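Read off the chains here:
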Amino acid sequence: MTRENAVVATYHTHTDAEAAVRELQQAGYDMRKLSIIGKDYHTDEHVTGYYTTGDRMQYWGKLGAFWGGIWGLLFGSAFFLIPGLGPMLAAGPIVTWIVGALEGAVVTGGLTAIGAGLYSIGIPKDSILKYETALKTDQFLLIAHGSPAEASKAQAILRTTPVADLGVHGDAPRAVTGKG
């Protein structure tokens, strides 16, 4: 298991999550160390599609503009159909973590593939269950990972955004008051 310092921010809406990504980008945070995951919203009323062009996946559907913008900023993207969670879209290093968990057959202990990916970087199971519940209720997870200093920087920036919940994992200093 590779332990990382990680800050996991939960957002109620995709606009709040996107604003947080933009705040981190403007502050100079390394975009290769950001991941986002959320539900794929589609109904019979909206056409949904995915395709790749080069190394970027394209998407259209109800949240097409949101996911298209995120995929322009973050590296790596995927669509997963996760039993118990439903259709999920992901961007950033979390894609590698999920695929690694699936390939290594480490999906155990009642965790989904997403949970196993988070567990592989040292996020404890009790926190993972909270994050999976957030995903089930149509929220978005934004994950910033790296050194203790990088995680601390991300935490400080994310505390200024409309975050619903902020979890800090690893050796990064934790906030004493407020969200996080």
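Data block above holds the structure.
Before going into details, it helps to say that this report is about the structure given with it. Every chain begins its residue count from 1, and numbering advances along the sequence as written. In view of the model being predicted, local features appear only for residues whose pLDDT reaches at least 70, and side-chain atom pairs are presented and counted only at 80 or more, with totals across whole chains, interfaces and linings using the full set of residues. Calculated side-chain values reflect all of the structure's heavy atoms, with hydrogen atoms and water omitted.

1. Details of the overall build of the protein
Thinking step 1. Helix and strand counts for the protein come out as 6 helices and 8 strands.
Thinking step 2. Tracing the protein from N to C terminus, the helices and strands come up as β-α-β-β-β-α-β-β-α-α-α-β-α-β.
Thinking step 3. Relative to its 180 residues, the protein shows a buried fraction of 48%.
Thinking step 4. Whether two residues touch is decided by their heavy atoms; if any such pair falls within 4.5 Å, the residues are in contact. The long-range fraction of contacts in the protein, counting pairs at least 24 apart against all pairs at least 6 apart in sequence, stands at 62%. Under the DSSP-based scheme used, a helix requires at least four consecutive residues in state H or I and a strand at least two consecutive residues in state E, with every element numbered from the N terminus. Summary of the burial criterion: residues with accessible area below 20% of their type's maximum are buried, those above 50% are exposed, and those between are partly exposed, where the area comes from a 1.4 Å probe applied to protein chains only.

2. Here we look at the pairing of strand 8 (residues 165-169)
Thinking step 1. Most of strand 8 is tucked away, with 4 of its 5 residues classed as buried.
Thinking step 2. Here strand 1 (residues 5-11) runs beside strand 8; their pairing, made up of 5 bridges, is antiparallel. Paired with Ala9 across the strands is Leu166, a residue of strand 8. Following DSSP output, two strands are said to pair if at least two bridges run between them.

3. Considering the side chain of Thr10
Thinking step 1. Relative to the elements of secondary structure, Thr10 occurs in strand 1.
Thinking step 2. By relative accessible area, Thr10 is classed as buried at 4%.
Thinking step 3. Once you skip the residues sitting within four places of it in the chain, Thr10 turns out to touch Tyr131, Ala134, Gln139, Phe140, Leu141, Val163, Ala164 and Asp165.

4. Points about unusual backbone geometry
Thinking step 1. Phi angles above zero are rare outside glycine, and Asp138 is one such case at about 65°.
Thinking step 2. Along the polypeptide, Asp138 turns up in the loop between helix 5 (125-136) and strand 7 (140-146).

5. Quick word on the pairing of strand 1
Thinking step 1. Judged by how many residues are buried, strand 1 sits mostly within the fold: 7 of 7 residues are covered.
Thinking step 2. A two-sided burial pattern is seen for strand 1, the buried positions comprising Asn5, Val7, Ala9 and Tyr11 on one face and Ala6, Val8 and Thr10 on the other.
Thinking step 3. Sheet analysis places strand 1 next to strand 7, joined by 7 bridges and oriented antiparallel. Counted as the bridge partner of Tyr11 is Phe140 from strand 7.

6. Examining the pattern of salt bridges
Thinking step 1. Counted as salt bridges are all cases of a side-chain nitrogen of Lys or Arg within 4 Å of a carboxyl oxygen of Asp or Glu. Enumeration over the complete set of coordinates arrives at 5 salt bridges.
Thinking step 2. The closest approach of N and O atoms between Glu18 and Arg22, which form a salt bridge, is 3.4 Å. Placement of the pair is Glu18 and Arg22 together in helix 1 (residues 14-26), with a separation of 4 residues, close to one helical turn.
Thinking step 3. With relative accessibility at 33%, the residue Arg22 sits in the partly exposed group.
Thinking step 4. Between Arg32 and Asp30 there is a salt bridge whose closest N-O contact spans 3.0 Å.
Thinking step 5. Classification of Arg32 by relative accessible area gives exposed; the value is 57%.

7. Notes on helix 3 (residues 94-103)
Working note: α-helix, 3.6 residues per turn, so residues spaced by three or four point in the same direction.
Thinking step 1. Residues Ile94, Val95, Trp97, Ile98 and Ala101 constitute the buried set of helix 3. What you see down the axis of helix 3 is that its buried residues fit within an arc of 165°, all on one side. Projecting away from the buried face of helix 3 at angles above 90 degrees are the exposed residues Thr96 and Glu103.
Thinking step 2. Elements in contact with the buried residues of helix 3: strand 2 (34-39), strand 5 (77-82), strand 6 (86-91), helix 4 (113-119) and strand 7. The directions considered for the arc run from the helix axis to the C-beta atoms.

8. A closer look at the packing of aromatic side chains
Thinking step 1. Note on aromatic pairs: the rings of Phe, Tyr and Trp (six-membered ring only in Trp) are paired at centre separations within 6.5 Å, and the planes decide the class, stacked below 30 degrees, edge-to-face beyond 60, tilted for the rest. A complete count under the given rule lists 0 aromatic pairs for this structure.
Thinking step 2. For the cation-ring pair, Lys125 lies above Tyr119, with the distance from its terminal atom to the ring centre recorded as 5.6 Å. To sit over a ring, a charge needs its Lys NZ or Arg CZ within 6 Å of the ring centre and within 35 degrees of the ring normal.

9. A few points about the sheet that holds strand 1
Thinking step 1. Spatially, 5-6-2-7-1-8 is the arrangement adopted by the 6 strands of the open sheet, whose pairing is antiparallel. The open sheet has two edge strands, strand 5 and strand 8, and neither has a second partner. With direction set aside, neighbouring strand axes in the sheet form an average angle of 15°.
Thinking step 2. Bridging between strand 2 and strand 6 involves 4 bridges; their strand directions are antiparallel. Lines are fitted to the C-alpha atoms to define the axes, a helix being fitted only along its stretch in contact, and any angle between axes, read from their N-to-C directions, falls within 0 to 180 degrees.

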